Amino acid sequence: MTTSTDGLFISSATLMRMPDDVRETILAFVVGHRDGSGGGDAGTPTSPGHAHPQPGTPDDDGFADLTPRHARRYIAGCGEKTRAAIEAIARSDTRYFQVSDVAAAVGCAAHELRGVWGGLTRRVKTVTGDADAYLVYWDGSEPVFDDAGTYVDQRGEVTELTHKSLRKALGL
């Protein structure tokens, strides 16, 4: 790890060797959601103590509308987990999807997806060139917790154009 007056630099190799919870916290911080508050993809709560995401309305300028061309570029640059998440979102019959379906596709529990949501957000910002872009809107749906208080599900949405574009790019 190296520090400078401009920031903190952690190599990818070092980051990948860190415990999952530390890595996810760092990734969430990097995308601007240090404590889970704020909107967009990385704001999904991971425990009852985290704030429920409250992005703007789906009509706002940050809610990404990916064209088929953008969707192909988006998918081409995704890692394995991010691609699995995108495929799960695209496989939904509508632009709405369940977090539990994404978790199953990625092979983890819903509360372990924080890094995936951060990856989705970073990728959409890169592809669109919009620093305020986010892919998933949490539509005001309430998170679902099990009896132990663990986050297990929630409904999210992407735009209609994004959903169709992802399906087309994935050949679904």
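Rules used in this analysis
- Residues numbered from 1 in each chain as written.
- Predicted model: local features only at pLDDT ≥ 70, side-chain atom pairs only at ≥ 80, totals over all residues.
- Heavy atoms only, no water.
- Salt bridge = Lys/Arg side-chain N within 4 Å of Asp/Glu carboxyl O.
- Helix = DSSP H or I, 4+ residues; strand = E, 2+ residues; numbered from the N terminus.
- Buried < 20%, exposed > 50% of the residue type's maximum accessible area, 1.4 Å probe, protein only.
- Patch = residues over 30% accessible without salt bridge, like charges linked within 9 Å, V, L, I, M, F, W, Y side chains within 5 Å.
- Areas by Shrake-Rupley, 256 points an atom, 1.4 Å probe, with all protein chains shown as cover.
- Lys, Arg positive; Asp, Glu negative; His and termini not counted.
- Charge placed at Lys NZ, Arg CZ, Asp CG, Glu CD.
- Contact = heavy atoms within 4.5 Å.
- Axes fitted to C-alpha atoms, helices over the stretch in contact; angles between N-to-C directions.
- Parallel < 35°, antiparallel > 145°, perpendicular 65-115°, else oblique.
- Nonpolar A, V, L, I, M, F, W, Y, C, P; charged D, E, K, R; others polar.

A. View of the pattern of salt bridges. Here the structure, examined in full by the defined rule, presents two salt bridges. Residue R83 is joined to E87 by a salt bridge in which the shortest nitrogen-to-oxygen separation is 2.8 Å. With R83 and E87 both in helix 4 (residues 80–91) and four residues apart, the pair spans about one turn of that helix. A salt bridge links E157 to R95; the nearest nitrogen and oxygen atoms lie 2.9 Å apart. Pair noted here: E157 is in strand 6 (residues 155–157) and R95 is in the loop between helix 4 and strand 3 (96–98), with a separation of 62 residues, a long-range link. Given the relative accessible area of 3%, E157 is considered buried.

B. How the structure looks around a positive patch on the surface. Together, R69, R72, R73 and K168 line one region of the surface with positive charge. Considering every element that reaches the positive patch, the biggest residue donor is helix 3 (residues 68–76), with three residues. Take K168: it is sitting in helix 7 (residues 160–170). You can call K168 exposed: its relative accessible area is 58%.

C. Molecular detail of the environment of H70. Turning to its location among the elements, H70 is positioned in helix 3. Beyond its immediate sequence surroundings of up to four residues, H70 is in contact with D65 and V127.

D. Just the environment of G119, in detail. Mapped onto the fold, G119 is located in helix 6 (residues 114–128). Along the sequence, G119 and T82 sit 37 residues apart, while their C-alpha atoms lie 6.5 Å from each other.

E. Region of interest: the packing of helix 4 against helix 6. It is at 9 Å that the axes of helix 4 and helix 6 come closest, and there the two elements cross at 85°. It follows that helix 4 is roughly perpendicular to helix 6 by the angle criterion. Across the interface between the two elements, K81, T82, A85, I86 and I89 from helix 4 touch V116, W117, G119 and L120 from helix 6. Taken together, the residues that form the contact of helix 4 with helix 6 break down as six nonpolar, two polar and one charged.

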